[in-house]
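The chain contents come next:
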Amino acid sequence: MALKGKVALVTGSTSGIGLGIAEALADEGADIVMNGFGDPAQIETVRADLAARGVRVVYSPADISKPADCEAMVKLAHDSFGSLDILVNNAGVQYVSDIADFPAEQWDRVIAINLSGAFHAMHFAIPGMKAKGWGRIINISSAHGLVASPQKAAYVAAKHGIIGLTKVAALELANDGITTNSICPGWVLTPLVQKQLEDRAAKEGTSVEAMAQEFLKEKQPMLQFSTAKEIGGLAVFLCSDNAKTITGTSMSIDGGWVAE
Ligand code: NAD
């Protein structure tokens with residue numbers, strides 16, 4: 001229970017990697033501010049499941065592409081639990097298209113959620129962390145923050161941007177007891193990837209299972225998906241005392257994707 005007494009806000013924690021991170025932080029005793037979209041009954045089930053780990057959990061419905069929502073989300077943490085110690089900027093979306101066909105509104109949407117949302121949340125969370133002299137900011141980038149793939153212009157641009165944003169924050173906060181790092185997952189089988197698998201399987205007339213193997217063969221030398229639980233384990237490590245001088249880094253957890 002290394003994080004007992006800490007408060008963690010995980011954006012996009014109603015699903016996938018964000019939920020895995022929220023579970024891992026709750027297992028270490030952190031109180032949790034959940035965020036993300038979804039069916040209200042399912043969100044309440046997830047909230048109750050997290051709370052069953054013996055921590056306090058509140059849900060923020062913030063749309064992180066909106067600065068005022070991010071302000072309200074951070075305020076909810078302070079009003080509910082008296083502090084915000086750990087911010088995990090995880091919420092993200094994907095859109096797949098050649099640049100020549102990429103709709104401008106999809107570009108704006110992906111950048112607003114995957115890049116600007118992290119900036120807005122940090123903007124409102126950092127003053128409270130500075131006042132306490134302790135903080136952990138973890139930005140979920142991607143293998144696509146380090147290398148590119150075709151048809152993912154907005155996503156790749158946003159994820160590279162997240163790594164730059166992380167480095168700036170690390171420098172600004174170097175002597176405030178606050179670390180800022182990016183995590184760069186490879187393939188993790190979440191709803192975000194499931195949709196890409198289904199779309200491409202339909203396009204190429206093959207099964208989703210065969211397409212999953214194809215995705216791994218194309219990118220991930222280890223030929224297995226990483227799991228949300230494993231990403232959560234890395235987030236817990238970055239929150240630990242042993243990680244207190246790790247800042248400004250981008251940590252890959254990608255089965256060898258960017259080693260090629
Ligand atoms: P997911 O679709 O399972 O979850 C995304 C979460 O973000 C959901 O909770 C959703 O409700 C939330 N969300 C979307 N738009 C939002 C908004 N405007 N405001 C608040 N919440 C919003 O996806 P995932 O695969 O778990 O992805 C989580 C993060 O991990 C993303 O940043 C993604 O880019 C990154 N990532 C995923 C993979 C992968 O293989 N799955 C690999 C590398 C990086």
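Going by the structure above, here's the rest.
Keep in mind the model is a prediction, meaning the values are calculated, not measured.

Enquirer: So what's going on with the nonpolar core? Residues and values would help.
Expert: Ile 21, Leu 25, Ile 32 and Ile 183 are the most contacted members of the largest nonpolar core, which has 35 residues in total. Residue assignment for this core shows that the elements contributing at least two residues are strand 1 (7-10), helix 1 (16-27), strand 2 (31-35), helix 2 (40-51), strand 4 (86-89), strand 5 (135-140), helix 8 (228-239) and strand 7 (250-253). Every residue in contact with Ile 21, bar those within four places of it in the chain, is listed here: Val 10, Val 88, Ile 140, Ala 228, Ile 231, Gly 232 and Ala 235. Val 7, Val 110, Met 122 and Met 129 belong to the second largest nonpolar core, which has 31 residues in total.

Enquirer: Tell me what's going on with the packing of aromatic side chains, and back it up with residues and numbers.
Expert: By convention here, two paired aromatic rings are described through the distance between centres and the angle between planes. For the structure on display, the rule yields 3 aromatic pairs. With a centroid separation of 5.3 Å and 50° between ring planes, the pair formed by Trp 187 and Trp 257 is classed as tilted. Taken together, the positions of Trp 187 in the loop between strand 6 (178-185) and helix 6 (191-204) and Trp 257 in the segment after strand 7 put the pair 70 residues apart, joining distant regions of the chain. Of the two residues examined, Trp 187 and Trp 257, each falls in the buried class. Three or more aromatic residues joined by ring pairs make a cluster, and in this case those are Trp 187, Phe 215 and Trp 257. We note Lys 6 situated over the ring of Trp 134; from NZ or CZ to the ring centre the distance is 3.8 Å.

Rules of the game
- Residues numbered from 1 in each chain as written.
- Predicted model: local features only at pLDDT ≥ 70, side-chain atom pairs only at ≥ 80, totals over all residues.
- Heavy atoms only, no water.
- Core = buried A, V, L, I, M, F, W, Y, C linked by side-chain atoms within 4.5 Å.
- Buried < 20%, exposed > 50% of the residue type's maximum accessible area, 1.4 Å probe, protein only.
- Helix = DSSP H or I, 4+ residues; strand = E, 2+ residues; numbered from the N terminus.
- Contact = heavy atoms within 4.5 Å.
- Phe/Tyr/Trp six-rings, centres within 6.5 Å; stacked < 30°, edge-to-face > 60°.
- Lys NZ or Arg CZ within 6 Å of the ring centre and 35° of its normal.

Read these as geometric descriptors, not functional statements.
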